[in-house]
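Take a look at the letters that make up each chain.
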Amino acid sequence: MKIAALGDIHGNYQALITVIDHVETWQPDVVLVLGDIVNRGPRSKDCFDLIQEKSTRAGWQVIKGNHEGYVLNFLDPSFSREGADFALRQVIYWTYQSLTRNDLDSLSDLPEEIGIDSEREGLIQAAHASTAGDRIGIYPHTPDSKMKGLIPTEADLFLVGHTHQPLVRTFEGTLVVNTGSVGLPFDGDTRAAYAQISHQNGSWVADITRVAYDLESAAADYYHSGFIPEGGPLAELILAELQLAWPQLGKWFHKYETAVREGQVNLQKAVYEFLKNPNIEYQNPPTPR
């Protein structure tokens with residue numbers, strides 16, 4: 001069996017179409033999409049439409065990520081749409097408005113995990129981040145002492161995303177694969193990432209595949225789509241994430257969120273100030289939001 005696993009597309013249509021071409025050339029038996037198709041990028045609807053088409057016509061299996069949840073929060077009419085709270089979520093609201101009601105219903109219907117039980121290959125499980133929740137990820141630096149609470153002990157193969165940092169690691173008999181990110185890698189390598197996994201000689205083997213794509217066109221989509229400026233100042237931090245391949249939002253929120261909420265600093269000014277010295281550190285980067 002050959003499995004292609006991909007996720008964390010984040011509205012990056014240019015990366016997605018290139019990865020799909022690469023996946024289909026490899027000809028896997030199963031394709032799993034591990035969530036965060038939408039949001040934190042400019043072409044969420046185009047990406048979701050394409051993934052839905054692959055699900056319907058090619059049997060791709062798709063799960064929900066935390067960013068689908070962020071967008072779906074706006075289905076609640078009481079969810080904040082004013083003040084500093086809304087300003088900090090404006091980029092999510094922009095994504096929400098770009099999707100149709102049918103899109104939102106389809107996002108709501110996505111499962112939170114996938115399980116495939118094969119007599120020959122064993123139990124395959126997939127989640128967006130880990131068994132502990134869709135925002136609690138498995139990183140290259142996650143110690144063994146914390147792994148037990150993050151993976152299903154009965155699985156032979158466990159596939160995740162969320163952190164945007166790929167890894168292949170065996171823990172107590174389970175092959176754990178973090179596929180990295182199609183649309184926003186956070187390991188300093190701007191190429192899209194996905195995982196190719198195959199069952200060979202009675203065990204699972206995984207490779208993280210990196211695919212170069214048209215990064216210049218992807219950056220242009222931020223402006224052509226209206227994501228910048230209509231998504232608010234934080235959209236510019238997300239563009240920096242794309243171009244630097246390092247997370248920016250987590251570190252920015254840690255430094256400025258309280259001051260912005262309390263009116264001590266202007267949101268736009270805080271973004272510009274941060275971008276003078278963006279986050280380009282590898283050691284324990286901020287948790288993805």
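Note that the structure is predicted; figures quoted are calculated from it, not measured. (Residues numbered from 1 in each chain as written. Predicted model: local features only at pLDDT ≥ 70, side-chain atom pairs only at ≥ 80, totals over all residues. Heavy atoms only, no water.)

*Asks:* Help me understand the nonpolar core in this model?
*Replies:* The nonpolar side chains of a soluble globular protein tend to be buried with one another. Residues L6, I9, I37, L234 and W252 are the most contacted members of the largest nonpolar core, which totals 61 residues. With six residues, the top contributor of residues to this core is helix 10 (residues 234-244). Excluding anything up to four places from it in sequence, W252 contacts L88, L234, L237, E257, V260, L267, A270, V271 and F274. In this structure, A5, L32, I63 and L175 belong to the second largest nonpolar core, which totals 18 residues. (Core = buried A, V, L, I, M, F, W, Y, C linked by side-chain atoms within 4.5 Å. Buried < 20%, exposed > 50% of the residue type's maximum accessible area, 1.4 Å probe, protein only. Helix = DSSP H or I, 4+ residues; strand = E, 2+ residues; numbered from the N terminus. Contact = heavy atoms within 4.5 Å.)

*Asks:* What should I look at first to understand the sheet that holds strand 1 (residues 2-6) in this one?
*Replies:* Strands pair in a sheet through their backbones, by hydrogen bonds, and they do so in one of two ways: parallel or antiparallel. With mixed pairing, the five strands of this open sheet are ordered in space as 3-2-1-9-10. The open sheet is flanked by strand 3 (61-62) and strand 10 (203-211), the only strands paired with a single partner. In terms of strand pairing, strand 2 (residues 30-33) meets strand 3 through two bridges, oriented parallel. Residue L32 lies in a different strand from strand 3, and its bridge partner there is Q61. Taken strand by strand, helix 1 (residues 13-26) contacts strand 1, strand 2, strand 9 (192-200) and strand 10, and its axis lies near 20° from that of strand 9. (Pairing = 2+ DSSP bridges. Axes fitted to C-alpha atoms, helices over the stretch in contact; angles between N-to-C directions.)

*Asks:* Explanation requested: the layout of surface pockets in the structure shown.
*Replies:* Sizing a probe to match a water molecule and rolling it over the atoms shows the empty space that remains. Size it by volume and the second largest pocket reaches roughly 170 Å³. Residue lining of the second largest pocket: K64, G65, E112, E113, A127, H128, A129, S130, T131, G133 and D134, and that is the complete set. Split into classes, the residues belonging to the lining of the second largest pocket amount to two nonpolar, five polar and four charged. (1 Å grid on protein atoms, 1.4 Å probe; cavity = no way out; pocket = protein on both sides within 12 Å on 5 of 7 lines; lining within 4 Å. Points joined across faces, edges and corners; volume = space filled by probe spheres on them. Nonpolar A, V, L, I, M, F, W, Y, C, P; charged D, E, K, R; others polar.)

*Asks:* Quick question: what am I supposed to make of the pattern of salt bridges here?
*Replies:* Once the charged atoms of two side chains with opposite charge are near each other, the side chains can pair. In the structure shown here, the tally under the stated rule is 16 salt bridges. We note a salt bridge from R43 to D221, for which the minimum N-O separation is 3.3 Å. You can see R43 sitting in the loop between strand 2 and helix 2 (44-58) and its partner D221 sitting in helix 8 (residues 215-224), a full 178 residues away along the chain. Look at D221 and you get buried, because its relative accessible area is 10%. Of the charged contacts, one joins R89 and D85 as a salt bridge, the two residues approaching to 2.5 Å between their closest N and O atoms. (Salt bridge = Lys/Arg side-chain N within 4 Å of Asp/Glu carboxyl O.)

*Asks:* Whenever I open this one, the sheet that holds strand 6 (residues 157-160) confuses me. Can you help?
*Replies:* An order of 4-5-6-8-7 is seen for the five strands of this open sheet, with the pairing classed as mixed. Each of the sheet's edge strands pairs with one partner strand only, and the pair in question is strand 4 (113-118) and strand 7 (167-171). Across this sheet, the average inter-strand angle for adjacent strands is 15°, counted without regard to direction. When strand 6 meets strand 8 (residues 174-178), the two strands line up parallel, connected through four bridges. When the sheet's bridge partners are listed, F158 is paired in strand 8 with V176.

*Asks:* Just checking my understanding: could you explain the environment of G263 for this structure?
*Replies:* Tracing the backbone through its elements, the reader meets G263 in the loop between helix 11 (249-261) and helix 12 (267-275). Judged by relative accessible area, which is 62%, G263 ranks as exposed. Counting along the chain gives 179 residues from G263 to A84, while the straight-line C-alpha distance between them is 8.2 Å.

*Asks:* What is the right way to look at the packing of helix 8 against helix 10 in this model?
*Replies:* For the pair helix 8 and helix 10, the least separation of the axes is 10 Å and the interaxial angle reads 175°. Between helix 8 and helix 10, the angle is such that the two are roughly antiparallel. Contacts from L215, A218, A219, Y222 and Y223 of helix 8 reach helix 10 at A235, I238, L239, L242 and Q243. Taken together, the residues of the contact of helix 8 with helix 10 break down into nine nonpolar, one polar and no charged. (Parallel < 35°, antiparallel > 145°, perpendicular 65-115°, else oblique.)

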